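Chain by chain, the residues:
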Amino acid sequence: MHDTVSFVALCYSNPESAKEQERSHSQRRGAPSEGQWRQRDKEQWQGEGKAQVRQADEEEQKPRQHEEDMVPKGTCQTMCPAQELRDREAQNRLHHFEMLPGTEKDRRPKGDPSRAVKEYSRPAAGKDSTKPSDLRPPPVLLKTVNYLINDIAAAPSLYPWTEVYTFVFDRLRAVKQDMIIQRMSGLDCVGILERTVRFLIYASYRLCGEPLRLYDPRINDIHLQEYLSWLLDCYMTKTGPHPNQEEFQSLSLLYNLGSARTMQHTMQLPLRLRSTPNIKLALFINQAFLERNPVRLLRLAQKLNFLQTCALHRHLMTCRQDLLLVYSHGYSSRNCRFPLDRLAKLLFLDASLTAQLCRSCGVEVNKDNQVVFSKAAFTEPGQGTLHCKLYHSIASEKQRDLTVKNIVQSCVETNKK
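Residues numbered from 1 in each chain as written. Predicted model: local features only at pLDDT ≥ 70, side-chain atom pairs only at ≥ 80, totals over all residues. Heavy atoms only, no water.

What the protein chain contains, in helices and strands, is 19 helices and three strands. Across the 417 residues in the protein chain, those meeting the buried criterion constitute 43%. At a minimum sequence separation of 6, the contacts of the protein chain that also span at least 24 residues come to 69%. Accessible area for the protein chain stands at about 23,800 Å²; split by element, carbon and sulfur atoms hold 52% of it. (Helix = DSSP H or I, 4+ residues; strand = E, 2+ residues; numbered from the N terminus. Buried < 20%, exposed > 50% of the residue type's maximum accessible area, 1.4 Å probe, protein only. Contact = heavy atoms within 4.5 Å. Areas by Shrake-Rupley, 256 points an atom, 1.4 Å probe, with all protein chains shown as cover.)

Dropping the structure here:
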């Protein structure tokens, strides 16, 4: 007690002496110095920081590893799971493309395991869609898509192509379902998506104008946009090489002409990719569309290959009507006459179809095959008045001897004019 009082008194009277005395006491007890305390604190904090980082990494990797372990892996080695084939056989739900030859007229036809393909079914409550025996692994899915294209869509058939499309479209949805459940990625995924996008773009051209009960362009468009978006995302993951990326980037821009989102995506591509011929041409066509320059757009469209023209074709009718509207304002005069043959060349149509298009838009064509433009007379054609299929000459001239197999399976060079 006396020592404590003496020490407090010393602190007030001579602080320096107090510090000196305290330092000597600490050193006698073996305590670290002030610098050693700082060093020890620093090492302790660094050690704790590294430990926390290691712990965070380990905790982050555990869920990832757990998620990967939880992803189902398909084991079905046939295009249709055996149980589904038996069930559909018993329920008489086989498509005639899947029936065993010779049993088609039986009361209950038999399924051909080499031709039957898993059908799409909506997820339902209580139904397990993740059983490995019902899921096809990536190589089997790719084989299934090739079969659907080569043996069904491209095969000469007595059935209407609308029926072929309906079957292939449904089975491709089932392929997509298996891909999503297994979180499929990589080159097999890209190969499937590329073939599917080509098929749907070709179908949008070939089935244009068909009755809605046979072909719905809106549904085809919804699925095509989903496949296309998924494919372009796969290209961004750097799991390449992707030799067909130029082709599909240009198809995306041509199909979505005027879309700000698609344009932004294209402009964010590496310069070496943006400078390739197909993408440059698609960018020029998109610019002409945004500038409402239909003459330039139609002229540039002549340089496209067949599949690219199929992607563009849904914009061509609007583009041609735009040309007539622009000319109806530019050449609106009682005494002005525009040669029908010259207008037909600008529209890339024959004279009879050009005259038919003009009359549908309220533009007069006189008996001397001269067009009389008038901005007051121009009218938007009513819905259903124009049949787009009649004006497919730009694309049909490029198809020539190309088969569905060439169009869907081959690279863009095969389709060039």
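Quick look at the packing of helix 15 (residues 316-330) against helix 16 (residues 340-347) now. Angle between the axes and distance between the axes: these two values describe a pair of packed helices. Interhelical geometry of helix 15 versus helix 16 gives an angle of 135° and a closest axis separation of 10 Å. Here helix 15 is positioned oblique relative to helix 16, judged by the angle of their axes. The handedness of the crossing between helix 15 and helix 16 comes out as right-handed. Touching Arg320, Leu323, Leu324 and Tyr327 of helix 15 are Leu343, Leu346 and Leu347, all from helix 16. Classifying every residue of the contact of helix 15 with helix 16 gives six nonpolar, no polar and one charged. (Axes fitted to C-alpha atoms, helices over the stretch in contact; angles between N-to-C directions. Parallel < 35°, antiparallel > 145°, perpendicular 65-115°, else oblique. Left-handed = near helix turned anticlockwise from the far one by under 90°. Nonpolar A, V, L, I, M, F, W, Y, C, P; charged D, E, K, R; others polar.)

Within the span of helix 4 (residues 82-90), buried status applies to Glu84, Leu85 and Arg88. All buried residues of helix 4 project into a common sector of 100° when viewed along the axis, lining one side. Its buried side turned inward, helix 4 meets helix 6 (161-181). In the stretch just after helix 4, Asn92 is the one whose phi turns positive, near 55°. (Arc of directions from axis to C-beta.)

Counting across every chain of the model gives eleven salt bridges. Between Glu98 and Arg171 there is a salt bridge; the shortest N-O distance is 3.1 Å. Note that Glu98 is positioned in the loop between helix 4 and helix 5 (138-153) and Arg171 in helix 6, a separation of 73 residues in sequence. Across this residue pair, the class does not change: Glu98 and Arg171 are buried. (Salt bridge = Lys/Arg side-chain N within 4 Å of Asp/Glu carboxyl O.)

This brings us to the packing of aromatic side chains. In total, this model carries 15 aromatic pairs according to the counting rule given. Clustering of aromatic rings is evident, with ring pairs tying together Trp161, Tyr165, Phe169, Phe199, Tyr202, Tyr205, Tyr215 and Phe306. Here Lys176 stacks its cationic end above the ring of Tyr227, 5.0 Å away from the centre of that ring. When the ring centre of Tyr255 is taken as origin, the NZ or CZ atom of Arg314, which lies over that ring, is 3.7 Å away. (Phe/Tyr/Trp six-rings, centres within 6.5 Å; stacked < 30°, edge-to-face > 60°. Lys NZ or Arg CZ within 6 Å of the ring centre and 35° of its normal.)

With that settled, the discussion passes to the sheet that holds strand 1 (residues 338-339). Strand order in this open sheet of three strands is 1-3-2, and the pairing throughout is antiparallel. The open sheet is flanked by strand 1 and strand 2 (364-365), the only strands paired with a single partner. With two bridges joining them, strand 1 and strand 3 (residues 370-372) adopt antiparallel strand pairing. Considered in strand 3, the bridge of Phe338 is made with Val371. (Pairing = 2+ DSSP bridges.)

Before going further, it helps to spend a moment on helix 17 (residues 351-360). Side chains three or four residues apart in an α-helix point the same way, a direct result of the helix having 3.6 residues per turn. Within helix 17, burial applies to Leu353, Thr354, Ala355, Leu357, Cys358 and Ser360. Along its buried surface, helix 17 packs onto helix 15, helix 16, strand 2 and strand 3. Immediately downstream of helix 17, the backbone of Gly362 shows phi near 80°, a positive value.

Turning next to the confidence of the model for the protein chain. For the protein chain, the average pLDDT comes to 84, and 80% of its residues sit at 70 or higher. In this model, residues 22-29 is a region of pLDDT below 50 whose contacts with residues beyond four sequence positions or in other chains number three contacts. Low pLDDT (under 50) marks residues 411-417, which in the prediction has 16 contacts with non-local residues, meaning those over four places away or in another chain. (pLDDT = per-residue confidence, 0-100.)

Excluding glycine, residues mostly have negative phi values, and the peptide bonds linking residues are mostly trans. We note that Arg292 has phi near 55°; this positive angle belongs to a residue other than glycine. Tracing the backbone through its elements, the reader meets Arg292 in the loop between helix 12 (277-290) and helix 13 (294-301). For Arg292, a relative accessible area of 47% gives the class partly exposed. Its identity is not glycine, yet Phe348 carries a phi of approximately 55°, on the positive side.

Let us look at the environment of Tyr227. Among the structural elements, Tyr227 can be located in helix 8 (residues 217-235). Expressed as a C-alpha distance, the spacing of Tyr227 and Ile192, which sit 35 residues apart in the sequence, is 9.7 Å. Apart from the residues lying within four places of it in its own chain, the contact partners of Tyr227 are Leu172, Arg173, Lys176, Leu193, Thr196, Val197 and Leu200.

On to the packing of helix 9 (residues 245-255) against helix 12. Closest axis-to-axis distance for the helix 9/helix 12 pair is 8 Å, and the angle between their directions is 10°. The angle between helix 9 and helix 12 places the two elements in the roughly parallel class. Residues Glu246, Gln249, Ser250, Leu253 and Leu254 of helix 9 form the contact with helix 12, whose own contacting residues are Pro277, Asn278, Ile279, Ala282, Leu283, Ile285 and Asn286. For the contact of helix 9 with helix 12, a count of residues per class yields seven nonpolar, four polar and one charged.

Before going further, it helps to examine the state of the cysteines. Going through the model one piece at a time under the given rule, you end up with zero disulfides. Considering cysteine sulfurs only, Cys76 is the nearest to Cys80, which forms no disulfide, with 7.4 Å between them. For Cys80, a relative accessible area of 4% corresponds to the buried category. (Disulfide = S-S within 2.5 Å.)

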